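# Geometric and topological summary
If you want the building blocks of each chain, they are given just below.
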Amino acid sequence: MAVSDECKLKFMELKRKKTYRYIIFKIDQVAQQIILERTGGPEATYEDFASHLPEDDCRYGVYDFDFVTDDNCQKSKIFFVAWSPDTSRVKAKMTYASSKDRFRRELDGIHYELQATDPTEVGLDIMRDRAN
């Protein structure tokens with residue numbers, strides 16, 4: 001599965017310039033490549049990110065999670081989210097699952113990966129636990 005150059009460019013902007021809080025990617029079945037679907041600006045919240053993950057289709061997401069450590073230090077970790085809800089089509093699940101590792105390797109700088117089938121598996125509390 002090919003990855004569009006725009007996907008890599010937007011990820012680098014999120015990573016280096018903090019231009020985005022999150023990015024959502026999808027697979028274009030016709031072009032057989034991963035494309036950019038949506039971005040959220042630096043002021044976007046986790047709720048904005050979660051609300052754009054469809055209930056019945058798979059997506060990849062990247063979320064820049066800011067937090068404060070126990071030592072009172074401001075930190076940021078980038079999460080890769082493989083979203084595959086139970087209600088999505090089997091073919092979509094298989095396509096996303098088989099393309100995930102290659103796509104994740106294209107995005108250099110991911111700190112953590114989450115695989116989720118429902119919103120409870122990708123909540124802020126889970127990100128906070130993983131990041132600490």
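It should be noted that the structure appears before, not after, this text.
The text that follows walks through the structure, step by step, so that each part is easy to find. (Residues numbered from 1 in each chain as written. Predicted model: local features only at pLDDT ≥ 70, side-chain atom pairs only at ≥ 80, totals over all residues. Heavy atoms only, no water.)

Further remarks concern the overall build of the chain. Summing up its helical and strand segments, the chain has 4 helices and 6 strands in all. Overall, the chain shows an N-to-C arrangement of helices and strands of β-α-β-β-α-β-β-α-β-α. For 132 residues, the compact-globule estimate of 2.2 N^0.38 gives 14 Å, and the C-alpha radius of gyration of the chain, at 14 Å, lies within 12% of that figure. Overall, the C-alpha framework of the chain stretches about 45 × 30 × 25 Å when taken along its three principal axes. A burial count over the chain gives 43% of its 132 residues as buried. Long-range contacts, defined here as pairs at least 24 residues apart, represent 60% of the contacts in the chain between residues at least 6 apart. Carbon and sulfur atoms make up 46% of the accessible area of the chain, which amounts to about 7,200 Å² in all. (Helix = DSSP H or I, 4+ residues; strand = E, 2+ residues; numbered from the N terminus. Rg over C-alpha atoms; globule rule 2.2 N^0.38 Å. Buried < 20%, exposed > 50% of the residue type's maximum accessible area, 1.4 Å probe, protein only. Contact = heavy atoms within 4.5 Å. Areas by Shrake-Rupley, 256 points an atom, 1.4 Å probe, with all protein chains shown as cover.)

Time to look at the sheet that holds strand E5 (residues 74-83). One open sheet holds the 6 strands; their spatial order is E1-E3-E2-E4-E5-E6, and the pairing between them is mixed. One side of each edge strand has no neighbouring strand; the edge strands of this open sheet are strand E1 (2-3) and strand E6 (112-116). Of the strand pairs in this sheet, strand E4 (residues 59-68) and E5 are connected by 10 bridges, and their pairing is antiparallel. Bridge pairing in E5 places Tyr63 opposite Phe79. Its contacts with the sheet put helix H3 (residues 90-106) on E1, strand E2 (22-28), strand E3 (33-40), E4, E5 and E6, and the angle it makes with E4 is roughly 50°. (Pairing = 2+ DSSP bridges. Axes fitted to C-alpha atoms, helices over the stretch in contact; angles between N-to-C directions.)

Here we come to the pairing of E5. The turn linking E4 back onto E5 is made up of 5 residues, and Asn72 within it adopts a positive phi angle of 65°. Note that E5 and E6 share 5 bridges and pair parallel. Within E6, the residue paired with Phe80 across the bridge is Glu113.

Buried residues dominate E2, accounting for 5 of its 7 residues. Here E2 runs beside E3; their pairing, made up of 7 bridges, is antiparallel. Counted as the bridge partner of Ile24 is Arg38 from E3. Where E2 meets E4, 4 bridges bridge the pair, whose relative direction is antiparallel. Counted as the bridge partner of Phe25 is Tyr60 from E4.

Moving on, we get to unusual backbone geometry. Of note in this structure, Lys18 is not a glycine but carries a positive phi near 55°. Inspection of the secondary structure puts Lys18 in the loop between helix H1 (5-17) and E2. Residue classification places Lys18 among the partly exposed residues on the basis of a relative accessible area of 37%. If you check the backbone angles, Gln32 has positive phi at about 55° while not being a glycine. As for its placement among the helices and strands, Gln32 is situated in the loop between E2 and E3. According to the relative accessible area criterion, Gln32 is partly exposed, its value standing at 40%.

Any functional reading would require information beyond the geometric quantities listed.
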